[in-house]
Amino acid sequence: MKQSQMLIPTLKETPADAEIASHRLLLRAGFIRQNASGIYSYLPLGLRVLQKIEKIIREEMNRTGAQELLMPAIQPAELWHETGRWDVYGPELMRLKDRHNRDFALGATHEELITSNVRDELNSYKKLPMTLYQIQTKYRDEKRPRFGLLRGREFIMKDAYSFHADQEDLDKQYQIMYDAYTKVFERCGLEFRAVIADSGAMGGKDTHEFQALASVGEDLIAYSDSSDYAANIEMAEVITADERPNVDMLPLTEGKDNGQRTGLKYVCFKANEKLVVVYVREDDEINDVKVKNVLEADMIEVLSDQERAETGFDPFQSDSETIILADNGVKNVVNGTLHVEETNKDYINVNPERDLGVSVYHDLRFIKEGDPSPDGKGRIKFARGIEVGQIFKLGTKYSESMNAVFLDENGRSRPLIMGCYGIGVSRTLSAVAEQCHDENGLIWPVSVAPFELHIIAVNAKNEEQMTLADRLYEKYSARYEVLLDDRKERAGVKFAESDLIGCPLRITVGKKATDGVVELKVRKTGEVIECSVDELDHVIS
Ligand code: ATP
Ligand code: MG
Ligand code: MG
Ligand code: MG
């Protein structure tokens, strides 16, 4: 492509609301544009990277035998009623009505859709197993969209769903997907860890997250310094406390909330001299709660009943002592988890409208760096991560509620056993940018770079330079994806923008064009090699 003909609207100024490097650089280098909070356009350069990531994902998914399909983004409410999630999902699900006043949702996820598509088809063990996937736009009305593509309200996800006759077969597929995810993220050039996602159980193995390591990551990972053990620690700030309580468990206490509803549970602890209480609505099946990132605290203590009494704090009075929840507070997660609507100064208001399907634990453990790890090997260390993917063993949750059954070998009717597997495609793009940049701009790994080679004609008005640049462009376009900077801009601008865009290799055609000599620069290392055009082939490969 010729740069003079491409839409690459670079910005000199750093956009004010872009807090992290990847967001800043993707905007500044003209890869994305924001259209509304958490809603972005992928400009030509951004789309090229996105398509490369998608291609890697497709190749690895297809290699596992998964088949691609495409489901609608818009989904009828009836399906969500079947699983009960219409009521459970909460405000993150974007809802709308058609002209006949029928309810629809914009797909936040597609378990209902896929199950409805296969329920009459995968009706015999002979048709199993099967894995289907799509790459598609998802909608989640995130409370705090931020960090550019990392937490969008419209984003691109690869989601896959597998169907099995028995648990062993699901276990097998889960491992295949685990391996495929590992390949995907390796090929994208990410430094990542696969972590046990439900760290409450510390050792549970039915879901893993793939976490790209980054200091801006919202998740905290505890990993062993001498084994493969790694888990997502959801109470990040609590765990890093120097002092920790002498308790391993944070029991839930039954009580009423400030609205005097009964049957609620709450946990109560003290942080930064503030008492924090978190209420949880309990429903029939779920009897415990996951408390995530509850607070930012240097020190945390669990109060005994007596201590609680001594503080004079009455969790049932909304006007009692100030309770602060860090505003990165408890997160709303698919399928429920403790859902905090408001974090006003006085109290934490757990969404009063809904009973929540909560995935959860009773035993909130407090661990700190240097503790022995759970698998008996090495010591605990912490790192921050960006969740770029997650795989789950769903079991029969959706097939039972939606009556997706098959006949087994003995002619008995049984619910399909399911797995589901997500990758944040657009989030992966941002995660790569977050890991691969320097103060001058992006540094794309070859595998996902918008162009592999950037050729710059230093002075596009100089005929010799332009002729040579054109010649190299023609030649290398046959083998590589090449961007030719043929613009009549100042050299300084061209170099700066080239670093900003971050193609892996750059050929500069300048004054020595007359002698057939050019300069090759490796973006990542900064290494510069001057060579003749004839040597170039050899040097590039
Ligand atoms: P998070 O904990 O960050 O909110 P999640 O656990 O809710 O993510 P999943 O339901 O597991 O997300 O969805 C699968 C993948 O989709 C995630 O691993 C993540 O990479 C991506 N994803 C989820 N929410 C967003 C978002 N708001 N913007 C961009 N990508 C997202
Ligand atoms: Mg989420
Ligand atoms: Mg998550
Ligand atoms: Mg997840």
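What counts as what
Residues numbered from 1 in each chain as written. Chains lettered and ligands numbered in written order. Predicted model: local features only at pLDDT ≥ 70, side-chain atom pairs only at ≥ 80, totals over all residues. UniProt positions renumbered as here; feature names shortened; annotations may be inferred. Helix = DSSP H or I, 4+ residues; strand = E, 2+ residues; numbered from the N terminus. Buried ≥ 20, exposed ≤ 12 C-beta atoms within 10 Å, placed from the backbone. Contact = placed C-beta atoms within 7 Å. Pairing = 2+ DSSP bridges. Axes fitted to C-alpha atoms, helices over the stretch in contact; angles between N-to-C directions. Near = placed C-beta within 6 Å. Nonpolar A, V, L, I, M, F, W, Y, C, P; charged D, E, K, R; others polar. Parallel < 35°, antiparallel > 145°, perpendicular 65-115°, else oblique. Left-handed = near helix turned anticlockwise from the far one by under 90°. Expected span 1.5 Å × (residues − 1). Arc of directions from axis to C-beta. Core = buried A, V, L, I, M, F, W, Y, C linked by C-beta atoms within 7 Å.

Per an unreviewed UniProt entry, the protein chain carries the name Proline--tRNA ligase and comes from Scopulibacillus daqui. Quoted verbatim from the Catalytic activity (unreviewed entry) field of UniProt, the annotation for the protein chain is "tRNA(Pro) + L-proline + ATP = L-prolyl-tRNA(Pro) + AMP + diphosphate". Quoted verbatim from the Subcellular location (unreviewed entry) field of UniProt, the annotation for the protein chain is "Cytoplasm".

Caption draft 1: A look at the overall build of the protein chain. When helices and strands are counted, the protein chain shows 13 helices and 29 strands. By residue count, 43% of the 541 residues in the protein chain fall in the buried class. Within the protein chain, counting contacts between residues at least 6 apart in sequence, those at least 24 apart form 69% of the total.

Caption draft 2: View of the sheet that holds strand S27 (residues 505-509). Taking strand neighbours across the sheet as the criterion, the five strands line up as S26-S25-S27-S28-S29 in an open arrangement whose pairing is mixed. Two strands in the sheet have a free side with no partner beyond their single neighbour: strand S26 (482-485) and strand S29 (528-532). Strand-to-strand twist across the sheet, computed as the mean angle between neighbouring axes with direction ignored, equals 20°. Alignment of strand S25 (residues 453-457) against S27, held across five bridges, turns out to be parallel. Bridge pairing in S27 links Ile455 to Ile507. Packed on one face of the sheet, helix H12 (residues 491-501) meets S25, S26 and S27 and runs near 175° to S25. Taken strand by strand, helix H13 (residues 533-540) contacts S27, strand S28 (517-522) and S29, and its axis lies near 135° from that of S29.

Caption draft 3: Local environment of the site of ligand 1. Contacts to ligand 1 come from 17 residues, most closely from Phe155, Gln390, Gly422, Gly424 and Arg427. Contributing elements (two or more residues each) for the shell around ligand 1: strand S8 (154-164), strand S19 (380-395), strand S22 (417-424) and helix H10 (425-435). The element best represented in the shell around ligand 1 is S19, accounting for four residues. Across the shell around ligand 1, the residue classes tally to five nonpolar, seven polar and five charged.

Caption draft 4: A look at the pairing of S8. With 11 of its 11 residues buried, S8 lies for the most part within the structure. Side chains of S8 alternate between two faces, with Glu154, Ile156, Lys158, Ala160, Ser162 and His164 and Phe155, Met157, Asp159, Tyr161 and Phe163 buried alike. Judged from the 10 bridges that link them, strand S7 (residues 130-139) and S8 form a sheet pairing that is antiparallel. In the sheet register, Gln136 faces S8, and the bridge partner there is Met157.

Caption draft 5: Structural detail: the packing of helix H2 (residues 44-63) against H10. Relative to each other, H2 and H10 sit at 115°, their axes nearing to 10 Å. On the basis of their axis angle, the class for H2 and H10 is roughly perpendicular. Considering only the axes of H2 and H10, their crossing is right-handed. Between H2, through Val49, Leu50, Ile53, Glu54 and Ile57, and H10, the contact on the second element is made entirely by Val425, Ser426, Thr428 and Leu429. The residue inventory of the contact of H2 with H10, partitioned by class, reads six nonpolar, two polar and one charged.

Caption draft 6: Layout of the sheet that holds strand S5 (residues 94-97). Pairing within the open sheet is antiparallel, and its three strands lie in the order S4-S6-S5. Strands with a single pairing partner mark the edges of an open sheet, and in this sheet they are strand S4 (74-76) and S5. Strand-to-strand twist in this sheet, taken as the mean axis angle between neighbours without regard to direction, amounts to 35°. Strand direction decides the pairing type here: S4 and strand S6 (residues 103-106), joined by three bridges, are antiparallel. For Ile74, the partnering residue across the bridge sits in S6 and is Leu106.

Caption draft 7: Inspection of helix H6 (residues 167-187) at higher detail. Between its terminal C-alpha atoms H6 stretches 30 Å, which fits the 30 Å expected from 21 residues at 1.5 Å a residue. Among the residues of H6, Leu170, Gln173, Tyr174, Met177, Ala180, Tyr181, Val184 and Phe185 are the ones counted as buried. Looking down the long axis of H6, one finds its buried residues gathered within 130° of arc, a one-sided arrangement. Exposed positions of H6 whose direction lies more than 90 degrees from the buried face are Glu168 and Gln175. Among the residues trailing H6, Gly189 stands out with phi positive, at a value near 80°.

Caption draft 8: Broad picture of the packing of helix H1 (residues 21-28) against H10. As a packed pair, H1 and H10 sit with axes 8 Å apart at the nearest point and diverge in direction by 100°. Considering the angle they form, H1 stands roughly perpendicular to H10. Residues Ala21, Ser22, Leu25 and Leu26 of H1 pack against Ser430, Ala433 and Glu434 of H10. Partitioned by chemical class, the residues of the contact of H1 with H10 number four nonpolar, two polar and one charged.

Caption draft 9: Structural detail: the nonpolar core. Judged by nonpolar contacts, the single largest core of 91 residues is most densely connected at Ile53, Val388, Ile455 and Val509. Residues contacting Val509, with those up to four places away along its chain left out, are Ile455, Ile456, Ala457, Val458, Gln465, Leu468, Ala469, Leu472 and Val518. With 11 residues, the next largest nonpolar core counts Ala197, Leu220, Ile221 and Ala230 among its residues.

Caption draft 10: Molecular detail of H10. Of all 11 residues making up H10, 11 are buried, and the element is well covered by its neighbours. Burial in H10 covers these residues: Val425, Ser426, Arg427, Thr428, Leu429, Ser430, Ala431, Val432, Ala433, Glu434 and Gln435.

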